[in-house]
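Each chain, letter by letter, is given below.
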Amino acid sequence: MLLQSIKLENFRQFKNEQIDFSTDWERNVTIIIGENGTGKTTFAQAFFWCLYGETDFTDKSLLNKLVGTDLLPNQEAVVKVILRLNHGRTDYTITREQVYKKSYKNTLTSNNTVLNVAYRQEDGQLVYLKPLLCEAEVKKILPRELSKYFFFDGERIEKMSKEVQSGRKSSEFAEAVKGLLGLNSIISAINHLNPRSKYGVIGSYEESYDSKSDTNIQRYTKEIADFQVQIDDIQSRLDEIDDEIAKATTRKEDLSEKIKQYAEGERLQTEKEKLIGKLNAAKRSKATATSTLLKDFNSNMPAFFAKSTIKGALEVLSKEDFLGKDIPEMHSKTIEYLLSRGTCICGTHLDEGSVPYNKVKELIEYLPPQSIGVSVGQFVKDSRIRVKDDVDVLTNLQQMCALLSEQDDNILELIDDIKAIESKLGGGDIHSKVKALFQEQQLCDKAIRDLTNEMKNKNEQLGALKTKRERRITERAELSLRDDANKKIEIYKAYAQSIYDDLITIYQKSETVIRIKLQETINEIFKSIYAGSMSLSIDEKYNISVYVDDYDGDVETSTAQSISVIFAFITGIIKLARDNQVSEDNDKSMLTSEPYPLVMDAPLSTFDKRRIKTVCEALPRIAEQVIIFIKDTDGDLAEENLGVKVGCRHRFDKLNEFETKLM
Amino acid sequence: MITINGIEVDEKSIERLKQRIVLLESRNINTKQLSDQQMVKKIKDMIEEEAKCYFNQ
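Thresholds applied
- Residues numbered from 1 in each chain as written.
- Chains lettered and ligands numbered in written order.
- Predicted model: local features only at pLDDT ≥ 70, side-chain atom pairs only at ≥ 80, totals over all residues.
- Heavy atoms only, no water.
- Helix = DSSP H or I, 4+ residues; strand = E, 2+ residues; numbered from the N terminus.
- Buried < 20%, exposed > 50% of the residue type's maximum accessible area, 1.4 Å probe, protein only.
- Contact = heavy atoms within 4.5 Å.
- Areas by Shrake-Rupley, 256 points an atom, 1.4 Å probe, with all protein chains shown as cover.
- Phe/Tyr/Trp six-rings, centres within 6.5 Å; stacked < 30°, edge-to-face > 60°.
- Lys NZ or Arg CZ within 6 Å of the ring centre and 35° of its normal.
- Arc of directions from axis to C-beta.
- Salt bridge = Lys/Arg side-chain N within 4 Å of Asp/Glu carboxyl O.
- Nonpolar A, V, L, I, M, F, W, Y, C, P; charged D, E, K, R; others polar.
- Axes fitted to C-alpha atoms, helices over the stretch in contact; angles between N-to-C directions.
- Parallel < 35°, antiparallel > 145°, perpendicular 65-115°, else oblique.
- Left-handed = near helix turned anticlockwise from the far one by under 90°.
- Polar contact = N/O pair within 3.5 Å; in protein donor to acceptor, adjacent residues only side chain to side chain.
- Pairing = 2+ DSSP bridges.

Enquirer: Could you clarify how one ought to interpret the overall build of chain A in this entry?
Expert: The helix and strand inventory of chain A stands at 17 helices and 15 strands. Per-residue burial for chain A yields a buried fraction of 43% across its 663 residues. Within chain A, contacts between residues at least 6 apart in sequence are counted, and of these 71% link residues at least 24 apart. Put simply, chain A shows about 35600 Å² of open surface, and 50% of that area lies on carbon and sulfur atoms.

Enquirer: Is there a simple way to explain the packing of aromatic side chains in this structure?
Expert: Where two aromatic rings form a pair, the distance of their centres and the angle of their planes describe that pair. For the structure on display, the rule yields 10 aromatic pairs over all chains. The interplanar angle of 40 degrees and the centroid separation of 5.9 Å between the aromatic rings of Tyr205(A) and Tyr492(A) together place this pair among those described as tilted. Of the two residues, Tyr205(A) is situated in helix α8 (residues 201–206) and Tyr492(A) in helix α14 (residues 484–529); the sequence distance between them amounts to 287 residues. Each member of the pair, Tyr205(A) as well as Tyr492(A), carries the same accessibility label: buried. An aromatic cluster is built from Phe14(A), Phe43(A), Phe629(A) and Phe652(A), whose rings are joined through pairwise contacts. The cationic tip of Arg12(A) hangs over the ring face of Phe57(A); the distance from NZ or CZ to the ring centre is 3.6 Å. Between the NZ or CZ atom of Lys44(B) and the centre of the ring of Tyr205(A), over which it lies, the distance is 4.8 Å.

Enquirer: What is the right way to read helix α17 (residues 632–642) of chain A from this model?
Expert: Residue and element names in this part refer to chain A. Taken residue by residue, α17 has Asp-634, Gly-635, Ala-638 and Leu-642 as its buried positions. With its buried residues spanning 125 degrees around the axis, α17 presents them on a single face. When the buried face of α17 is taken as reference, the exposed residues oriented beyond 90 degrees from it are Thr-633, Asp-636 and Glu-640. Contacts made by the buried residues of α17 are with β3 (29–34), α16 (609–622), β13 (625–631) and β14 (646–656).

Enquirer: Please clarify how the interface of chain A and chain B should be interpreted in this entry.
Expert: Where interface size is given, it is often the accessible area lost as the parts come together that is meant. Taken together, the 42 residues of chain A in the interface contact 33 residues of chain B. At the boundary of chain A with chain B, the tally comes to 2 salt bridges. For Asp502(A), the salt bridge goes to Lys18(B), with nearest N and O atoms at 3.0 Å. Elements represented by at least two residues in the side of chain A that touches chain B include exactly β5 (90–102), α7 (184–193), α8, α13 (430–480) and α14 of chain A. No other element matches the 13 residues that α14(A) contributes to the side of chain A that touches chain B. In terms of residue class, the side of chain A that touches chain B is built from 20 nonpolar, 14 polar and 8 charged.

Enquirer: Hey, could you run me through the packing of α16(A) against α17(A) in this one?
Expert: If you want to describe how two helices pack, look at the angle between their axes and the distance between the axes. Residues and elements named next belong to chain A. Between α16 and α17, whose axes approach to 9 Å, the crossing angle comes to 55 degrees. Classified by the interaxial angle, the pair formed by α16 and α17 is oblique. The way α16 lies across α17 gives a crossing that is right-handed. Counting all contacts with α16, which are made through Ile-612, Lys-613, Cys-616 and Pro-620, the residues of α17 involved are Leu-637, Asn-641 and Leu-642. Considering only residue class, the contact of α16 with α17 consists of 5 nonpolar, 1 polar and 1 charged.

Enquirer: Where do I start with the side chain of Thr221(A) in this structure?
Expert: Summarising the element assignment, Thr221(A) is placed in helix α9 (residues 215–319). Sequence-distant contacts of Thr221(A), defined by excluding residues within four places in its chain, comprise Glu206(A), Tyr209(A) and Arg476(A).

Enquirer: Could you clarify how one ought to interpret the side chain of Arg476(A) in this entry?
Expert: All names here are of chain A. Here Arg-476 is to be found in helix α13. A polar contact is formed between the side chain of Arg-476 and the side chain of Tyr-209, at a distance of 3.5 Å. Excluding residues that lie within four positions of it along the chain, Arg-476 makes contacts with Glu-206, Tyr-209, Ile-217, Tyr-220, Thr-221, Ile-224 and Lys-493.

Enquirer: Hey, could you run me through the pairing of β5(A) in this one?
Expert: Within a regular beta strand, the side chains point alternately toward one face of the sheet and then the other, so they alternate between its two faces. Residue and element names in this part refer to chain A. In this sheet, β5 lies alongside strand β4 (residues 76–87) in antiparallel orientation, the contact comprising 12 bridges. Bridge pairing in β5 places His-87 opposite Thr-90. Two strands pair when backbone bridges link them, and β5 and strand β6 (residues 108–110) are joined in this way by 3 bridges, in the antiparallel orientation. Residue Lys-101 lies in a different strand from β6, and its bridge partner there is Thr-109.

Enquirer: Please clarify how the pattern of salt bridges should be interpreted in this entry.
Expert: Residue and element names in this part refer to chain A. Scanning the model with the defined rule gives 34 salt bridges over all chains in all. Across the pair Lys-252 and Asp-445 runs a salt bridge, and its minimum N-O distance is 2.8 Å. Of this pair, Lys-252 sits in helix α9 while Asp-445 sits in helix α13; the two residues are 193 residues apart in sequence, bridging distant segments of the chain. By relative accessible area, Lys-252 is classed as partly exposed at 28%. By relative accessible area, Asp-445 is classed as partly exposed at 26%.

Enquirer: Would you take a moment to explain unusual backbone geometry for this structure?
Expert: What you tend to see is this: most non-glycine residues have negative phi, and most peptide bonds are trans. Even without a glycine there, the phi angle at Arg12(A) is positive, about 50 degrees. Relative to the helices and strands, Arg12(A) is located in the loop between β1 (2–11) and β2 (14–20). The backbone of Lys32(B) shows a phi angle near 55 degrees, a positive value even though the residue is not glycine. Secondary-structure assignment places Lys32(B) in the loop between α1 (11–31) and α2 (36–56). Overall, the relative accessible area of 13% leaves Lys32(B) in the buried class.

Right under this line is the structure:
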């Protein structure tokens, strides 16, 4: 695949811009320079969107903001990306568009994206693919699973490196790599011969027996077809079981890792719970102390505050002598009666204003109901008790206040400790999280057990069905040989089956050879970039492991190593694909592959100077076509290291926040 | 000579057919001239032609 041009219409800040890429064999680098925010990443993302209908943008609305604002209600605008490329000996035009419409509520709604693929055959005829076939065609050109490695973002290169080392890539990824490395012709031949499809070569022979010569042929053919359907169903279920077991195992490993990570968290969580218990106890104790203090205060404080008044009163009273002033058993009303009668008990006239009158009248002050002597005596007695109690109240109050202050300090300290633990825990209840993780792990175990049992049963069924089918095939073959027409079909089918079996073997052998070769190539490139005693190995799923020479086991990679790993992986695939394409070696005669471009957004930002030089030298040598989106500050670096290889240069000019043009 | 389901097939013919079919696939991947069904028919024609040649000998 070589990219010829890309055109963006109303795609974010690009209203109508096209970039032509260098397809020159020698000067195979295209550089697109722009300041930050001019849309380099947008342009790089346009490739993804055109091919797969996806972008990494948070704002999923792709319509240019100015165009969207200018739309009137019920008006439509189209976002379109047109990618022209060459794949094999075919020129493709891949178009993806999306219609946006403004409503009367002034909101924009968008339809689903529409993908169109057209190609020009060698005879010049233009062929438009049916919509249903477009996605499959794009997959043939560049499988989605691999696309991010060919259109990669330098700022996310480390994440990609972790992915290729993760061991969690899908089987589609491995298939995509195999296809890219030259096995596509064999894969296509196997698919066309496929005995499982009645549209394949072997399957169609199965359908073409003439049953007129012997009715058993028809019966056997039907039975064989039925067995095949059952075998296919079981096989398909077995594949699903494999995937499900792999997923459950991976999930279980993930859960174990998480549980391990939570171990320290659990300890902290237990500590936190203890502290919360202490805090609650301290709060309860404080509440009790406060309540006691208030109760004491309410009952004792009036006496406390009355103390000075009482003291004053006692002082005044101590100066007066009330003893003997009152007359026992006599009431003030008696005096009032005597005064009103005008005669004392002794017979003395009590004329108002006279001396006897006034003397008798004075007695009222000392007689009940307020017998001053008794009242003063009681008052003095009560006051002495109150004044004496007051000493204890004050001491108690001071002690209670000290206790409360101590409890406040304790509570604050506990709150600080809890906060410190919470900040380490990052929120949430670890115990319940760990419990949930354990429960999920148990579910995974159960799923693996159930699936393994199911697999065992299915394999037994599969074996029995295959035996039955083989028996019927042999019986039908014997019958077929008695009839010329059927005999021919039997012979053709035997040829097809033999070719199919051989191609399966060749595919498996070639895949192993290619994988080993890829491993060698990747190591060669890796060592040229990252000078050190590290090597890479590739497993059956094309996962990469990094290990230090003479050390048994995987190692954690640094940023520089990670960058080198992903770079070696991508360029290794491209180099091998290219080698297969130009090879005339007989061993590789069944391998056919394509050159692939490298489209990189900010590739140099993560490399140091020495690696920039190495990478810049390696890129145009290894890849057939290199397209680099680069910020202006890295422009000189790129020119310095790539200058002679640059076939096309473009520069973005930002007109405003919503529009960028190509200079 | 090998035997498949009781039928004898010529190994040299099988070898030739494998090469021809993979080359045909390779060419078609590049040119996209034939659809899947046309490819199936073409492969069947190649097999039948080769088998007939062998038996005519």
